[in-house]
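# Observations on the three-dimensional arrangement
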Amino acid sequence: MITSGYTGIFNHGQTIVANGNVTLGANFVQAGTGQLTVAGNATLTSNGVIWTGILALITTNGIKTLADDWEINGLLNVANTAVMNGFSMKANGVTMTSALTGSTHVILKGGIWSGTLAISNNLTFDGNVTISGIVTYNTGTFKYLSGSITVTGSTFQINGSCTIDATGMTFDRVIPILTATITLLSKLDSNRIESNLGNTTFAGAYGWECNLLNWTFTTGSTTIFQEGIEYKINTQFTCNQTRIGATVTFRSSSGTNKAIITLKNGAICSVLANFTRIDASGGRTITTFIGTVTDCINIIRYDGNLPDNALTF
Amino acid sequence: MADRYWVGGGGSTAWNASPSNWGTVSGGAGGASVPTSSDAVIFDGAGSTGNQQMTMVATGTVYHF
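Below, the structure is looked at part by part. (Residues numbered from 1 in each chain as written. Chains lettered and ligands numbered in written order. Predicted model: local features only at pLDDT ≥ 70, side-chain atom pairs only at ≥ 80, totals over all residues. Heavy atoms only, no water.)

### Structural notes on the environment of A:G93
Residue and element names in this part refer to chain A. So the rule is basically this: Strands are runs of DSSP state E lasting at least 2 residues, helices are runs of H or I lasting at least 4, and numbering of each runs from the N terminus. Exposure categories follow from relative accessible area, calculated using a 1.4 Å probe and restricted to protein chains: below 20% of the type maximum is buried, above 50% is exposed, and the middle band is partly exposed. Any two residues whose heavy atoms approach within 4.5 Å at even a single point are treated as in contact.
Examined against the element boundaries, G93 turns out to sit in strand β13 (residues 88-96). The class for G93 is buried, based on a relative accessible area of 0%. G93 sits 16 residues away from N77 along the chain, and the two C-alpha atoms are 8.5 Å apart. When sequence neighbours within four positions are dropped, the list of residues in contact with G93 reads L75, L76, L108, G110, G111 and I112.

### Focus on unusual backbone geometry
Residue and element names in this part refer to chain A. The residue N27 is not glycine, and still its phi comes out positive at about 70°. Residue position: N27 is located in the loop between β3 (22-23) and β4 (29-31). We classify N27 as exposed; its relative accessible area is 71%. A positive phi angle is found at R277, which is not glycine, with a value near 50°. The topology assignment puts R277 in the loop between β32 (273-276) and β33 (278-279).

### Section: the sheet that holds strand β4 (residues 54-55) of chain B
Quick note on the threshold: Pairing between strands is defined by DSSP: at least two bridges between them are needed.
The 3 strands are arranged β4(A)-β1(A)-β4(B) in an open sheet whose pairing can be described as parallel. Single-partner strands in this sheet number two, and they are β4 of chain A together with β4 of chain B. Sheet topology note: the strand β1 (residues 9-11) of chain A/β4(A) ladder contains 3 bridges and is parallel. Paired with A:F10 across the two strands is A:Q30, which belongs to β4(A).

### Topic: the environment of A:N128
All names here are of chain A. Worth spelling out the cut-off: We define a polar contact as two N or O atoms separated by no more than 3.5 Å, with the added condition that, inside protein, one atom must be a possible hydrogen donor and the other a possible acceptor, whereas residues neighbouring each other in sequence contribute only through side-chain atom pairs.
Along the polypeptide, N128 turns up in strand β17 (residues 123-131). Under the relative-accessibility criterion, N128 is labelled exposed at 52%. Each C-alpha atom of the pair N128 and N92 lies 9.4 Å from the other, and the pair is 36 residues apart in sequence. Excluding its chain neighbours within four sequence positions, the residues that come into contact with N128 are K109, G110, G111, G147 and S148. Here the side chain of N128 touches S148 through a polar contact of 2.7 Å, landing on its backbone nitrogen.

Shown next, in the form of structure tokens:
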């Protein structure tokens, strides 16, 4: 504990490990970028002081309870599976070596988001953030607020039902990897949207736009699109791994109204799927080589005389 | 769990350099042991040298901080 009575310089060039509660005194002076490691269950109180170094969470399933909003100038290192509850944690990047859950709102003011283990907390980008490699988002609300976001070569995995409000940034690759409902509070932009596992439901008042929609399922799957909402594919629509056996289904959320899939004129279409209540009138015709087409516009099943291995128009 | 107060006044400002920097009561005399993982560490600025700079020169492990 550093109380407000301490006016010296707390020079943390090295790591300090706390096996319990941490309290920073208001207005205390720090130097250094050392790591504050919090083990076990702990209550963390910042009193408005910015920790100038790294904050690491260790001890599997340790519960960290924030007593107020926290800000750190280093990264948040989730080294062991942790729960972080209450208030907000503003950090300069996050390393997800283990999963993080809880009610604390994680805000990235910069830095790098890396590591494949999932964040389930609400997560906001509010600065120049780099997504590095494969990262995973679970339940919660992901929001882009400001900053230049670097995504080259990265993958944003979604493995739980979540809400996304990310207009203003463009992902490189978005992959739903488990059955989930993805609620969009604004238009989602991504170079690629891909999936090969689970059933994905797109909900909310906005759709998405991508260059490549690539569904590589080898078993049956259903993808549901919100009725009346447009989903745009600019370059290529691929869903061709299910020639034999169960078929992928794309359908509207409504039993009466259509959802809108617009495959841009000139785009490649390579699809084996069922379609139900999809309006594709805004772009080129979507042609499927197998499956059923029910109550759709500008989607046809091709029954002509093509070679057995024909996949692409 | 024991309390360890930073009272300063040691020959070095390093966290782990000298028991002289650590006391068992606020503003008290130094000479307590350097805090360990079972101790609560408190910086409250009390005493004549309690506001001396502290420097982490090696990893320190405490119970409460």
